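Listed below are the residues making up each chain.
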Amino acid sequence: MRIVLVGPPGAGKGTQAAYLAKNLAIPHISTGDLFRANISQGTPLGQKAQEYMRAGQLVPDEVTIGMAKDRMQQADAAHGFLLDGFPRNLAQAEALDEILKADGLGLDAVLDLEVPEDEVVKRIAGRRMCRKDSSHIFHVIYNPPAAEGVCDVCGGELYQREDDSEETVRKRLEVYHSETEPIIDYYKAQGLVVTISALGKVAEVTQRAMGALPSRE
Ligand code: AP5
Ligand code: ZN
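Residues numbered from 1 in each chain as written. Chains lettered and ligands numbered in written order. Predicted model: local features only at pLDDT ≥ 70, side-chain atom pairs only at ≥ 80, totals over all residues. Heavy atoms only, no water.

In the annotation of an unreviewed UniProt entry, the entry for the chain reads Adenylate kinase, and the organism field reads Streptomyces cinnamoneus. UniProt's Function (unreviewed entry) comment on the chain is quoted here verbatim: "Catalyzes the reversible transfer of the terminal phosphate group between ATP and AMP. Plays an important role in cellular energy homeostasis and in adenine nucleotide metabolism." Recorded in UniProt under Pathway (unreviewed entry), the annotation for the chain is "Purine metabolism; AMP biosynthesis via salvage pathway; AMP from ADP: step 1/1." (UniProt positions renumbered as here; feature names shortened; annotations may be inferred.)

Dropping the structure here:
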């Protein structure tokens, strides 16, 4: 299955992607995680991306599309993937269609996670991420680690993302509405959009998503 996950910052895309990718046995590809890995390794791509991420803006398409394409080729798109955070504007959505079309492939579904803005703000304010593995995501109230600042899964250090400050979150939400939301209509026209509420417990949302996705052939 080839699935795109969309939803505002803090909707729970990364959290859900970890479970969905496991359930569906497909790789989870997050452009945000790829950028953060490049930043922590100090690569030229990371240096370029960091200034945009700090400001809550999109990293330019010429950087992002090439990086996403390389990662999809590594994963072998024919066997499926779960894209999280890509595409994020119409140009990226069109580029993705072209990349897949070149191999005679297409998407199976676009899973749209719906969450009210006040909930998103609460989720981001309490988020803590693991330095060792970006799929280990915690929340100081909703999903607290057993020991403060330490990842339950691998013992890694937990940290707060630099772009999770109130001001940057406001900018990210603005960018989501103006640049990313239009891709939902683009995919609706292709009959691919499945919208679910992302409220409730993490496991409930996973179950809702699994029930809403088209069945595997
Ligand atoms: P990215 O990393 O993709 O960030 P985002 O889209 O803003 O999404 P988040 O990671 O903030 O949230 P999420 O939906 O994954 O929520 P999470 O599961 O962590 O992008 C960051 C930046 O990179 C962008 O701003 C941009 O600069 C750049 N970038 C990335 N892709 C790009 C692209 N394609 N083009 C250009 N630029 C790009 O959950 C949030 C919190 O809520 C956690 O604490 C979690 O524990 C908690 N939580 C989750 N589910 C629940 C629940 N059901 N109940 C209670 N709490 C919950
Ligand atoms: Zn960890």
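Moving on from the model shown.
Participant: Go over the site of ligand 1, please, and point to the residues and values.
Facilitator: Around ligand 1, 34 residues are found, and the nearest of them are Thr15, Gln57, Arg88, Arg127 and Arg172. Lys13 has a polar backbone atom sitting 2.8 Å from an oxygen atom of ligand 1. In the environment of ligand 1, a nitrogen atom lies 3.4 Å from a nitrogen or oxygen atom belonging to the side chain of Arg123. Burial of ligand 1 by the protein amounts to 96% of the accessible area it has alone, namely 1000 Å². For the shell around ligand 1, the secondary structure elements donating two or more residues are helix H1 (13-24), helix H2 (31-40) and strand E6 (137-139). For the shell around ligand 1, the element with the highest residue contribution is H2, accounting for four residues. (Near = heavy atom within 4 Å. Polar contact = N/O pair within 3.5 Å; in protein donor to acceptor, adjacent residues only side chain to side chain. Areas by Shrake-Rupley, 256 points an atom, 1.4 Å probe, with all protein chains shown as cover. Helix = DSSP H or I, 4+ residues; strand = E, 2+ residues; numbered from the N terminus.)

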